[in-house]
Amino acid sequence: MLIVTHNGKFHADDAWAVAVLHILYPQAEIVRTRDQAIIDRADFVVDVGGVWEPASGRFDHHQKGFSGARQSGVPYASAGLVWREFGGQCVRSVALTHCGHELSEDKARELAYAIDSDIVQYLDLSDVGAAKNAPGGYGLSAVISGFNPNWLDEQRLGYGEPAEAFRLVEFRRAMALLTDVLVNSVKYRVGALLAVQQVRQSEALEGGRVLFLKNSALPWTQLVRKEMPKVLFVISHSLGEQRYLLHTVPVSAESFEARADLPATWAGLRDAELAAVTGVPDAIFCHNGRFIAAVKSYEGAREMARQALQALA
């Protein structure tokens, strides 16, 4: 198995595309070249070659007349072209390897689409000059670009085989970083998927206005926002730290605004000061932003939740 991409400077879109293929074909050889003879015999060709033809493993977007784009209108670069073809398969492989969970093809495609919306489309947009994926110099595309050798490296190494060998090492480092990003993204989404039933079955307290989660590691915010409009506060048990957390419920993923804040009199207090205000002897802290508080016992968390509700009344 041979995966070919262009030599010279690399970008996040080609590094992501090759990383995806390498997850699926870990024994494949990776060659960076513009030699047409090598390109012709490759199993996969990424970001070079002037052909977009998934059936033959060709994924370039630089050719005249190319107009491939998502239904949203976001144009494809090589990251999106490869992800469009192999994203679902890649998600299934990562989920099985890193989560021990076998996804259905439909669910894998659904998660792959979400990852495209959150990550891949921005790599493409950056590559075609349509947008940056984050302000400043630390968007993902900019970070990957920083793996390229600069002029000092080239001056030290020269411009022949040593420089290309070094660039290949850096390209593989960029691939490794993007692989970690991809794996973490899949793990998070699989974890959220598997947590749904546990969150739905969690105990409702205080007339349904407080939800108790037995494990604070469960991702719950999206589900509570969508399915539990009555819930104002969530108590969760931090198993690792052996304490209980009292959370507010954010109104959206993009906002710090909550359905209800913790009492203003708690803001920024810790230990004895918070205990004195709440009357809860094992109270630990309340964040100054009033979106989370901690206490050592379940009973203490229940009492603080009741006080938070009373403060709203």
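These lines cover the structure that appears in this document, whether it is placed above or below. (Residues numbered from 1 in each chain as written. Predicted model: local features only at pLDDT ≥ 70, side-chain atom pairs only at ≥ 80, totals over all residues. Heavy atoms only, no water.)

1. Digging into helix α3 (residues 78–99)
The terminal C-alpha atoms of α3, which comprises 22 residues, lie only 27 Å apart, well short of the 32 Å expected from a rise of 1.5 Å per residue. Of all the bends in α3, the greatest measures close to 65 degrees and is centred on F86. Of the residues trailing α3, G100 is marked for its positive phi of about 65 degrees. (Helix = DSSP H or I, 4+ residues; strand = E, 2+ residues; numbered from the N terminus. Expected span 1.5 Å × (residues − 1). Bend = angle between axes of the 7 residues up to and from the residue.)

2. Observations concerning the packing of α3 against helix α4 (residues 105–127)
At a minimum axis distance of 8 Å, the contact between α3 and α4 shows a crossing angle of 150 degrees. Along this stretch, α3 crosses α4, giving a crossing that reads as right-handed. The segment α3 lies against α4, with S78, A79, G80, W83, G87, G88, V91 and R92 engaging E105, A108, R109, L111, A112, I115, D116, V120, L123 and D124. For the contact of α3 with α4, the residue count by class is nine nonpolar, four polar and five charged. (Axes fitted to C-alpha atoms, helices over the stretch in contact; angles between N-to-C directions. Left-handed = near helix turned anticlockwise from the far one by under 90°. Contact = heavy atoms within 4.5 Å. Nonpolar A, V, L, I, M, F, W, Y, C, P; charged D, E, K, R; others polar.)

3. Focus on the sheet that holds strand β6 (residues 203–205)
Taken in spatial order, the six strands of this open sheet run β6-β7-β8-β9-β11-β10, and their pairing is mixed. Edge positions in the open sheet fall to β6 and β10 (283–286), since each of these has one partner strand only. This sheet shows a mean twist of 20 degrees between the axes of neighbouring strands, independent of strand direction. Here β10 runs beside strand β11 (residues 292–295); their pairing, made up of three bridges, is antiparallel. (Pairing = 2+ DSSP bridges.)

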